[in-house]
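# Fold and geometry: a report
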Amino acid sequence: MKTDHDGRRRGGQEAGLQALVTDRRQFVKASALGALAFLLQTPLSAADKAQKFRIGMAATTWLSASPSITSYWNATEGISRLNIGATEADNSKAQFEVNYANRVGEFRQRSSTLGVKLEGVYQALYLHDAHQLPEMRAKIHAVASFLKAAGAEYIALGWDLPDTGGKPYRRTAEDVTRTVRAMDELGRISWEEHGIYAAFHAERDVPKEMILQILDQTNAKYIRFCADVGHLTAAGLDAVATVKRYASRLAVSHWKDFDPKLPPPSYLGSGVTGDFVELGKGIVDFRGLADLYREIGFDGWVQLELDQTREPSIAASAAKMKAFVTDQLKLQMYALRH
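Reading across the sheet, the eight strands line up as β1-β10-β7-β6-β5-β4-β3-β2 and stay open at both edges, with parallel pairing between neighbours. Only two strands of the sheet have a single partner each, and these edge strands are β1 (54–57) and β2 (86–90). Along the sheet, successive strands turn relative to each other by an average axial angle of 25 degrees, direction set aside. By the bridge criterion, four bridges tie strand β5 (residues 197–201) to strand β6 (residues 223–228) in an arrangement that is parallel. Residue A198 lies in a different strand from β6, and its bridge partner there is I223.

Rendered as structure tokens:
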């Protein structure tokens, strides 16, 4: 027969065990809540954020070597072999709206067969020349109309210069004023009438103060920013800092590298140095740019680009640039769309 003492002892043990289980559960719950609170309070680093921007390969190298619509299709075939599904082309050399006037369906079909989609064009115009504004309006109407029908998104708008007999043209303050006015007008036409956005693409021969002035003075509703990080660097700007400053207007970016030790292109004249090279061979901070683009949630286009190759072939340069992006930067290219 059990005594009252034995019953009290057994009851005490059970109560102690229950208290231990309760304490354990509270500890686990508190630990989980504490860990969750820590995670919520600790922001993700830029490198941990998802890549929203899409990366294609520009057809520039092929078109620079031989400016023609045939070279564009040679470029898309080479880009397709690299399993890249998006490109951009210099329309000053490809002339899509002329070569495919009233034949956009044929253009789309051939692009679809290759799996490489044209997402935008670079278009250089004499933006400072007010006398050419009617011609430039007509050009933008035609180009934007073609791009809309082809399913593309943008025009990277460049400031071209007249031939001055081999002597560099010196831009003036009046040129900048006229350029800003023309860009706003052309951007309005492209966006409001065709749904294609225009973005200012700065060249290295534009003084860096003028580059910033144009970005500050153009209408952000109609003129966005095409950050060619090679040209920005060659112009003397910090590419990462400049993109960060105008991040709200960033629509597309050209990624090419710059080596300040190389001899410059002849059209720049004397007193300058440096030329463009494959990604990873120059001084552009692509890791910093990749982190920044993830940090700001950029979801537009990045086009890998090179003006001319020093490799045995254009395909070799293109393959090396893709490898730098995928193997070194750990980014994803935009794949073929078959």
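Turning our eyes to something else, we now look at helix α13 (residues 314–328). Counted at 1.5 Å a residue, the expected span for α13 with its 15 residues is 21 Å, and the 21 Å between its end C-alpha atoms agrees. Inspection of α13 places I314, S317, A318, M321, F324 and V325 among the buried residues, and these make up the whole buried set. What you see down the axis of α13 is that its buried residues fit within an arc of 120 degrees, all on one side. Buried residues in α13 make contact with β1, α2 (60–65), α12 (286–295) and β10 (301–304). Backbone geometry just after α13 places K330 at a positive phi near 60 degrees.

Now for the confidence of the model for the protein chain. Here the protein chain averages 89 in pLDDT, while 85% of its residues score no lower than 70. Counting interchain partners and residues more than four positions distant, the pLDDT-below-50 stretch residues 1–11 has one contact. Note on residues 35–40: pLDDT under 50 across the span, and zero contacts to partners over four residues away in sequence or across chains.

With that out of the way, let us pick up the environment of H254. Considering the arrangement of structural elements, one finds H254 in strand β7 (residues 250–255). In this structure H254 comes out as buried when scored by relative accessible area, which is 0%. As a C-alpha pair, H254 and C226 span 28 residues in sequence and 7.2 Å in three-dimensional space. Those residues within four positions of H254 in sequence are excluded, and the remaining contacts are E88, H201, C226, A227, D228, V229, Q303 and E305. Among the polar contacts listed, one links the side chain of H254 to the side chain of E88, at a separation of 2.8 Å.

Turning next to the packing of aromatic side chains. Enumeration over the complete set of coordinates arrives at 20 aromatic pairs. With 5.6 Å between their ring centres and 90 degrees between their planes, F53 and Y293 make a pair best called edge-to-face. Here F53, found in the loop between α1 (4–41) and β1, pairs with Y293, found in helix α12; they are 240 residues apart in sequence, far enough to count as distant. Of the two residues, F53 and Y293, neither departs from the other in class, the shared state being buried. An aromatic cluster is present here, built from F53, W255, F286, Y293, F298 and F324 joined pairwise through their rings. Positioned above the aromatic ring of W159 is the side chain of R171, whose terminal nitrogen or guanidinium carbon lies 4.3 Å from the ring centre. The cationic tip of R337 hangs over the ring face of Y334; the distance from NZ or CZ to the ring centre is 4.1 Å.

Looking now at the pattern of salt bridges. Using the criterion set out here, one finds 21 salt bridges in the structure. Close ionic contact of R54 with E153 constitutes a salt bridge, the shortest N to O distance being 3.4 Å. On the criterion of sequence distance, the pair formed by R54 in strand β1 and E153 in the loop between α7 (133–150) and β4 (154–159) is long-range, its members being 99 residues apart. When its relative accessible area of 25% is taken as the criterion, R54 is described as partly exposed.

The rules behind these values
Residues numbered from 1 in each chain as written. Predicted model: local features only at pLDDT ≥ 70, side-chain atom pairs only at ≥ 80, totals over all residues. Heavy atoms only, no water. Pairing = 2+ DSSP bridges. Helix = DSSP H or I, 4+ residues; strand = E, 2+ residues; numbered from the N terminus. Axes fitted to C-alpha atoms, helices over the stretch in contact; angles between N-to-C directions. Expected span 1.5 Å × (residues − 1). Buried < 20%, exposed > 50% of the residue type's maximum accessible area, 1.4 Å probe, protein only. Arc of directions from axis to C-beta. Contact = heavy atoms within 4.5 Å. pLDDT = per-residue confidence, 0-100. Polar contact = N/O pair within 3.5 Å; in protein donor to acceptor, adjacent residues only side chain to side chain. Phe/Tyr/Trp six-rings, centres within 6.5 Å; stacked < 30°, edge-to-face > 60°. Lys NZ or Arg CZ within 6 Å of the ring centre and 35° of its normal. Salt bridge = Lys/Arg side-chain N within 4 Å of Asp/Glu carboxyl O.

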